[in-house]
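What follows is each chain in one-letter form.
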Amino acid sequence: MPIYNGALYIRDAIQSIFNQTVIPQEIIVSDSGSSDGSENIVREEAQRSKLKVIILPAKTPGMVANWNSTIRAASGKYIKFLFQDDLLHSNCLEEMVKVAESDKRIGLVFSPRDLLVEPSVEEDLMTQWLLQHPNLSAAFGNLETNQAGSLLLRSSKLLQGPLNKIGEPTAVLVRTDLFHRVGLFNENMRQLVDMEMWVRLMASSHVGYIPRALSSVRFHAGQATNRHRTEEIDRFERDRLQDTLRTLAIYPLLHWRVKCALRFAQLRRNRFCVKKKLRSLADQSRQPPVSAPEGGPDPLIPPDSLHSVGSHGSAEYVAIGEEFFRYFIDLCELKPDDRVLDVGSGTGRMARPLTRYLKGGSYEGIDIVARSVQWCQRTYASRYPNFRFHFADIYNKVYNPDGKHKASEYRLPFETSSFDFVFLTSVFTHMLPQDMEHYLSEVVRVLKSSNRCLITYFLINPAAWKLINEGASYHSFKYELPGCRTEFADTPEAVVAYNESTVRGLYAKYRLNITEPVLYGTWCKRKDGLSWQDMIIATKPADCV
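Residues numbered from 1 in each chain as written. Predicted model: local features only at pLDDT ≥ 70, side-chain atom pairs only at ≥ 80, totals over all residues. Heavy atoms only, no water.

(A) Structural detail: the overall build of the protein. A tally of helices and strands in the protein yields 17 helices and 22 strands. Seen through its C-alpha atoms, the protein measures out along the principal axes to roughly 95 × 50 × 50 Å. Out of the 545 residues belonging to the protein, those deemed buried represent 55%. At a minimum sequence separation of 6, the contacts of the protein that also span at least 24 residues come to 74%. When the accessible surface of the protein is split by element, carbon and sulfur atoms take 52% of a total near 24,800 Å². Computing the positive centroid from 67 side-chain charges and the negative centroid from 62, the protein places the two 4 Å apart. (Helix = DSSP H or I, 4+ residues; strand = E, 2+ residues; numbered from the N terminus. Buried < 20%, exposed > 50% of the residue type's maximum accessible area, 1.4 Å probe, protein only. Contact = heavy atoms within 4.5 Å. Areas by Shrake-Rupley, 256 points an atom, 1.4 Å probe, with all protein chains shown as cover. Lys, Arg positive; Asp, Glu negative; His and termini not counted. Charge placed at Lys NZ, Arg CZ, Asp CG, Glu CD.)

(B) Just helix 12 (residues 314-330), in detail. Its 17 residues give helix 12 an end-to-end C-alpha distance of 24 Å, which sits within 8% of 24 Å, the value for a rise of 1.5 Å per residue. In terms of burial, helix 12 is a largely internal element, 14 of the 17 residues being buried. (Expected span 1.5 Å × (residues − 1).)

(C) Expanded view of helix 14 (residues 370-381). Between the first and last C-alpha of helix 14 there are 16 Å, a value that for 12 residues agrees with the 16 Å anticipated at 1.5 Å per step. Among the residues making up helix 14, those that are buried are Ser372, Val373, Trp375, Cys376, Thr379 and Tyr380. Angularly, the buried residues of helix 14 cover 165 degrees about the axis, an arc narrow enough to put them on a single face. The elements touched by buried residues of helix 14 are helix 13 (351-354), strand 13 (362-367) and strand 14 (387-391). (Arc of directions from axis to C-beta.)

(D) Seen up close, the sheet that holds strand 5 (residues 87-88). Taken in spatial order, the 3 strands line up as 5-11-7 in an open sheet, and their pairing is mixed. Both edges of this open sheet fall to strand 5 and strand 7 (114-117), since each of them pairs with a single strand only. The pairing of strand 7 with strand 11 (residues 215-219) spans 4 bridges and is parallel. Across the sheet, leucine 116 pairs through a bridge with arginine 218, a residue of strand 11. (Pairing = 2+ DSSP bridges.)

(E) Expanded view of the pattern of salt bridges. Per the counting criterion, the structure on display carries 29 salt bridges. Its salt-bridge partner being glutamate 45, residue arginine 48 comes within 2.8 Å of it at the nearest N-O pair. Among the ionic pairs, arginine 246 bridges to aspartate 243, the shortest N-O distance being 3.1 Å. Three or more residues are tied together by salt bridges with common partners; here these are Arg11, Glu44, Glu45 and Arg48. (Salt bridge = Lys/Arg side-chain N within 4 Å of Asp/Glu carboxyl O.)

(F) Representation of the side chain of serine 473. Locating serine 473 in the fold gives a position in the loop between helix 16 (462-469) and strand 18 (479-481). The class for serine 473 is buried, based on a relative accessible area of 16%. Here the side chain of serine 473 touches histidine 475 through a polar contact of 2.6 Å, landing on its backbone oxygen. Apart from residues lying up to four places away in sequence, serine 473 is in contact with Leu467, Ile468, Trp523 and Cys524. (Polar contact = N/O pair within 3.5 Å; in protein donor to acceptor, adjacent residues only side chain to side chain.)

(G) View of the packing of helix 15 (residues 433-446) against helix 17 (residues 500-509). Interaxial distance between helix 15 and helix 17 falls to 10 Å at its minimum, and their mutual angle equals 35 degrees. The crossing of helix 15 and helix 17 is right-handed. Here Met436, Glu437 and Leu440 of helix 15 come into contact with helix 17, specifically with Leu506, Tyr507 and Lys509. Residues of the contact of helix 15 with helix 17, tallied by class, amount to 4 nonpolar, no polar and 2 charged. (Axes fitted to C-alpha atoms, helices over the stretch in contact; angles between N-to-C directions. Left-handed = near helix turned anticlockwise from the far one by under 90°. Nonpolar A, V, L, I, M, F, W, Y, C, P; charged D, E, K, R; others polar.)

(H) Molecular detail of the nonpolar core. Among the nonpolar cores identified, the biggest contains 43 residues, and Phe185 and Trp198 are the most heavily contacted of them. By residue number, the principal contributor to this core is helix 8 (residues 193-204), which donates 7 residues. Not counting residues within four places of it along the chain, the set of residues in contact with tryptophan 198 comprises Leu108, Asn164, Ile166, Gly167, Glu168, Pro169, Val172, Val174 and Phe185. (Core = buried A, V, L, I, M, F, W, Y, C linked by side-chain atoms within 4.5 Å.)

Here it is in structure tokens:
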């Protein structure tokens, strides 16, 4: 029982221990330096009881450090926390220990808890949220009395709210030697410190569950965990939890959607570093690229006269290619032996970094700009025989005004279900609706079942419109065409945007399952954007031919 200035409720909490149907071996109290007489109340109650009450002599500053001091002092087989504001139901210890004793693999037992909400916080937003989620574990589905913790970690909803699906420490019993195995609570955390611990425990043991409340958790205005909450603190807490989920002992157990969310979160954490690097590289655009071989410029970087849309100079060409290379691996799980299709391959901006990765696989690039394709084929052919480039003589008012074929009628020159990964960067941002939809259908055709594609867009949704209307966006898309919007009325293909709802409807039509969340970009000056354009990663279902 860690305490700090809990005089208002601590007597009731102690009494709820004394009233247990199973007598605890010891009651360990650690005071963090109370100034309201909390420790004296504990001593008074202890004198009236025959139970063994140990009050640790050292004052341990810090909420979580105080938790850990009680764990270090414990000598019993199980540890049951009770916070000073909370209550244990009379049969709590009996029922939890009974479940734990039923299987020595069970290291953690939990149950729902009742909520005791003080009038002073009834209107608080956090209180309202808690009342809407009385049963935190519901997101796990139907729980058994005993299940492997790894099964709970495998939930696709692990990172969806409510984030802590186990509950507060008062609702949990833990086998003592399990703390010795996984370590103590992280003293750098406060808000998500308990969930971070439950994750470590679930990865190392079975979990017992009792489907009825065995404790009551009180919420009132003076609780430490609700003080000083800021966006920076919340972000720090989530980052620490995500770091734990990425550890070698836990990451392989996670659902692929959770893995994807973790990779996306890591990329967002690095976003400002990436942008700083891009600016630095842009300042050195006349210098040899970082990855240039010693003794000369990189032969895979085209001359300035060939740089295509989206790249302004060699440094930015290299930086954007490297940026998307990480997306392909971290978000799309690209493998070295995959067969890859790059629709809109340009001058090899995405091909260049893939040359060092696709050792057992292959790359096919296709583009409508003849001289770009010719340069790539000439440059890559002798060095990388598994990289090939194809010219598609398709009409585009901006990039191929003399093209012979309509994009809406063009069939990609590849067999059905022949690629493990297909991507299109800055392609649909230059295509009108009929052409875009046809290309999307072709992506589905050539993509193997159960495999992924990545496509970039300018997506119009309420958040983007708000920024556009405020004058913040780099693009206004003020001209409306049937099915899309454009920046330029005379050359609409120059910059094209689509309503997000329209794109989602097309993905549903062609049976592409979008991997949420959509990865929005910074083109409209969205503060939390990942790249420049919006990205959608999707999977072709296993039963889709």
